[in-house]
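Inside the fold
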Amino acid sequence: MNAASIFFRRVRILSAVLLCPAFFAFASCSFFEPDEPETPEASIEAETNAETDAAEQPKPTVGINAPLVIPPPPDYANPASWVRIGAGDSVLPEFEVFYIYPTLFQNKLRPVMDHRFDRIRTKASDYIDLTFGLLTDPVHPLKLYAPFVRQADYSTTLETDFASDLSDTLLQYGIEDTKTAFRYFLKFFHTPGMPYILIGHSQGASDLYELLRSAPEITPESGFAAAYLAGLPKKTAEEIDRDFAGRGIRRGKSADDTGVILTWNTIAQDAGENIFTVPGGAMINPVNWKTDDTPADLSESLATGYYYVSEKEPAGTFRASLLNGIHADPERGAVIVGLPGDSQYDASAQMGEGIFHANDIFFFAEFLRDNMVRRAAAWREQYARPE
C-alpha cells in the first residue's frame, strides 16, 4: 500500500469515527447545565460549530438585556482543565506540542466559552482528535498538551478588529488562559532539553501570538522550536518584526529555521474580501516554506484533507484531494491555493467567496507534519546538549 493510499484510508477512518453527522450538527445542540449553573433565565441561543459547520450562518442576538456571564478561569492544576495532557505514544517523543484550538462555538447570550459544559468538552476533544489524527506521525511521535481556554464565540470574533488592542475585547479571556496554561506547562510538564512547538489556528493563533509577545521565557535556547499560527488575523511582517525585536524570535523564512513564527491565510486566486488578511501581511507558503511567490512543487504530494461543503452533502464531510497548485502572494498577504475542478469545495458558504480559512491546517496537514519533525531535528542539532 503506497503512502497516498494510506492517507486516504486514514481519512476514511477519520470520517467514519470522528466526523459523523452528529459531530457537525452543532446548530441543533444546546449547552448542558454546568456544575454550578449560571444560565440566565432567558432561553439560551443554540450554539453552532463556527469553524467547521459552514452550513448555517450565525443567529441574531436574542435576549439583549441578559447579563453577560464570564465563567471562572480554568484551574490548570486540575487535569479536567486540559483537553489533552501529555497525550502521545508510550515511546519517548521527539518533541512536545502546546496547542490552542480555533473558535468552536456560537452563543450570543454566553459568548465566552465555558469548559464545564459537557458539549463544549466534547467539541474540543473531537476537533483535536481530527486535527492530530492528521498531524501526528507515528514514526516521529509527539507529546500533546492542549488546555481548555475561555475563547470568544464566533459572532464576537468576527466583530473584532484584530488590528487593535485585544485586551479590551472578550478575546482577552482566552488570551489570559493561554498564558496561564502555557506557564503551567513550562513549569510542570515540559521536559528540559526537549524541543516544543506551538500550534494554533484562527483565534487560537491569536491567543498564541499574544502569549509569545508577553512571555520572555519563550526562547530558542529554552526549547522553543517554532510556532505554527495558521489563520492568524491581520498581522503584517513589519508588525511581527517590531514585536519581537531583540527577542531571538523572528518570522520563519525557510523550511528548517528555528525559534520562528510561521503564519499564513489561505484563499483562492479570485477570492473576495477577506477579514483575516491585510496587504503586506506576514505569511509563508506551508508547502515549500518560502515567503516569495515561488510555486510549490506538488508533483510528489500525497493526498491532503479538506472540509467538503456542498448543499448536496452534510456540512463538514471530510474528503481528500490533491491540491492543484499553491503559491504565496506577498502583496495580498495570503497563500493562494488551487483546488481540482471536481473538488466541489464551496468556499463561499461561510467566510466569503474563495476564503479557505477553515482549511488553513487541513489543506497542508502532510506538509505540516513533516515540517514539525524537521524543525524539531534542527533545534536539537543547534541547541541540544550532549549527554
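Description of the structure in this document.

About the thresholds
- Residues numbered from 1 in each chain as written.
- Predicted model: local features only at pLDDT ≥ 70, side-chain atom pairs only at ≥ 80, totals over all residues.
- Heavy atoms only, no water.
- Helix = DSSP H or I, 4+ residues; strand = E, 2+ residues; numbered from the N terminus.
- Buried < 20%, exposed > 50% of the residue type's maximum accessible area, 1.4 Å probe, protein only.
- Phe/Tyr/Trp six-rings, centres within 6.5 Å; stacked < 30°, edge-to-face > 60°.
- Axes fitted to C-alpha atoms, helices over the stretch in contact; angles between N-to-C directions.
- Parallel < 35°, antiparallel > 145°, perpendicular 65-115°, else oblique.
- Left-handed = near helix turned anticlockwise from the far one by under 90°.
- Contact = heavy atoms within 4.5 Å.
- Nonpolar A, V, L, I, M, F, W, Y, C, P; charged D, E, K, R; others polar.
- Expected span 1.5 Å × (residues − 1).

Looking now at the environment of Asn359. Among the secondary structure elements, Asn359 is positioned in the loop between strand E12 (334–337) and helix H8 (365–383). Residue Asn359 is classed as buried on the basis of its relative accessible area, which comes to 0%. Taking the C-alpha atoms as reference, Asn359 lies 9.7 Å from His201; in sequence the two are 158 residues apart.

Turning next to the packing of aromatic side chains. Counted under the stated rule, the structure contains 22 aromatic pairs. Ring centres of Trp82 and Phe189 lie 5.4 Å apart, and the angle between their planes is 75 degrees; on these two criteria the pair is classed as edge-to-face. Linking Trp82 in strand E1 (residues 82–88) with Phe189 in helix H5 (residues 172–189), this pair joins segments that are 107 residues apart in sequence. Under the relative-accessibility criterion, Trp82 is labelled buried at 3%. Centre to centre, the rings of Tyr99 and Phe132 are 5.0 Å apart; their planes meet at 85 degrees, and the pair counts as edge-to-face. Of the two residues, Tyr99 is situated in strand E2 (residues 95–100) and Phe132 in helix H3 (residues 118–135); the sequence distance between them amounts to 33 residues. As far as burial versus exposure is concerned, Tyr99 and Phe132 are alike and both buried. What links up through ring pairs into an aromatic cluster is the set Tyr76, Trp82, Phe98, Tyr145, Phe182, Tyr184, Phe185, Phe188, Phe189, Tyr196 and Phe224.

All right, on to the packing of H5 against helix H6 (residues 203–214) then. Their axes nearest at 9 Å, the elements H5 and H6 cross at an angle of 60 degrees. Judged on the interaxial angle alone, H6 and H5 are oblique. Both H5 and H6 take part in a crossing whose hand is right-handed. Across from Gly174, Ile175, Thr178, Lys179, Phe182 and Arg183 in H5, the residues of H6 making contact are Asp207, Leu208, Glu210, Leu211 and Ser214. For the contact of H5 with H6, the residue count by class is four nonpolar, three polar and four charged.

Residues three or four positions apart in an α-helix share a direction because the helix packs 3.6 residues into each turn. Here H6 is 12 residues long and its end C-alpha atoms lie 17 Å apart, about the 16 Å a rise of 1.5 Å per residue gives. Among all positions of H6, only Gln203, Gly204, Ala205, Ser206, Asp207, Leu208, Tyr209, Glu210, Leu211 and Leu212 are buried.

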